[in-house]
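Structural features, examined
Listed below are the residues making up each chain.
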Amino acid sequence: MADTQWHTMVVKLPMASEEHATIVKRVIDVDKELQSHVVKRTLTTEGNVLVATFKTLTVRLARLTLNSFLENVDLVVRTLSEFTEDAAQYNSLSKGSSNQEK
């Protein structure tokens, strides 16, 4: 199909940090689009901004794809907000204890 028949959306979502943008990208990239013949997704980061580009064959698919993507981003961001500080504290504690054992 010709490129002119595809509907293109670019969504830029600022994250709390560059690390968070990278984590969100990596988590969402694991799941490929179910209908890859009619939905194309590209995720990149620009500093702390997650950039998602979607190409779909119909406007309806564009809406559904974007809705699903934003729900997934919301879940990852909420998970990060719940566990990031605790995870950072755990990592610093485990590094400190491993340094003491040496």
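Residues numbered from 1 in each chain as written. Predicted model: local features only at pLDDT ≥ 70, side-chain atom pairs only at ≥ 80, totals over all residues. Heavy atoms only, no water.

As for the sheet that holds strand β2 (residues 39-46)
Strand order in the open sheet formed by three strands is β1-β3-β2, with antiparallel pairing between adjacent strands. Whereas interior strands pair on both sides, the edge strands pair on one side only; in this sheet they are β1 (7-14) and β2. With direction set aside, neighbouring strand axes in the sheet form an average angle of 15°. The sheet contact formed by β2 and strand β3 (residues 49-56) spans eight bridges and is antiparallel. Residue pairing for β3: Thr45 is matched across the bridge by Leu50. Helix-sheet contacts for helix α1 (residues 18-29) involve β2 and β3, and the interaxial angle to β2 is about 160°. (Pairing = 2+ DSSP bridges. Helix = DSSP H or I, 4+ residues; strand = E, 2+ residues; numbered from the N terminus. Axes fitted to C-alpha atoms, helices over the stretch in contact; angles between N-to-C directions. Contact = heavy atoms within 4.5 Å.)

With respect to the pattern of salt bridges
A complete count under the given rule lists three salt bridges for this structure. Across the pair Asp74 and Arg78 runs a salt bridge whose closest N-O atoms are separated by 3.0 Å. Placement of the pair is Asp74 and Arg78 together in helix α2 (residues 59-101), with a separation of four residues, close to one helical turn. Look at Asp74 and you get partly exposed, because its relative accessible area is 39%. (Salt bridge = Lys/Arg side-chain N within 4 Å of Asp/Glu carboxyl O. Buried < 20%, exposed > 50% of the residue type's maximum accessible area, 1.4 Å probe, protein only.)

Examining the confidence of the model for the chain
Interpretation of the predicted coordinates at a detailed level should be avoided for regions scoring low in pLDDT. With 78% of its residues at a pLDDT of at least 70, the chain reaches an overall mean of 82. The lowest-confidence element of the chain is α2, averaging 74 in pLDDT; the highest-confidence one is β3, averaging 95. Contacts from residues 89-94, a stretch scored under 50 in pLDDT, to residues over four places away or in other chains number zero contacts. The low-confidence segment residues 97-102, where pLDDT is below 50, has zero contacts with residues more than four positions distant or belonging to other chains. (pLDDT = per-residue confidence, 0-100.)

Some remarks on the nonpolar core
Inside soluble globular proteins, nonpolar side chains tend to come together where they are buried. Of all hydrophobic cores here, the largest spans 16 residues; its most connected members are Met15, Val24, Ile28, Phe69 and Val73. Residue assignment for this core shows that the elements contributing at least two residues are β1, α1, β3 and α2. Ranked by residue count, the leading element in this core is α2, at five residues. Other than its neighbours up to four places away in sequence, Val73 contacts Leu13, Met15, Val24, Ile28 and Leu50. (Core = buried A, V, L, I, M, F, W, Y, C linked by side-chain atoms within 4.5 Å.)

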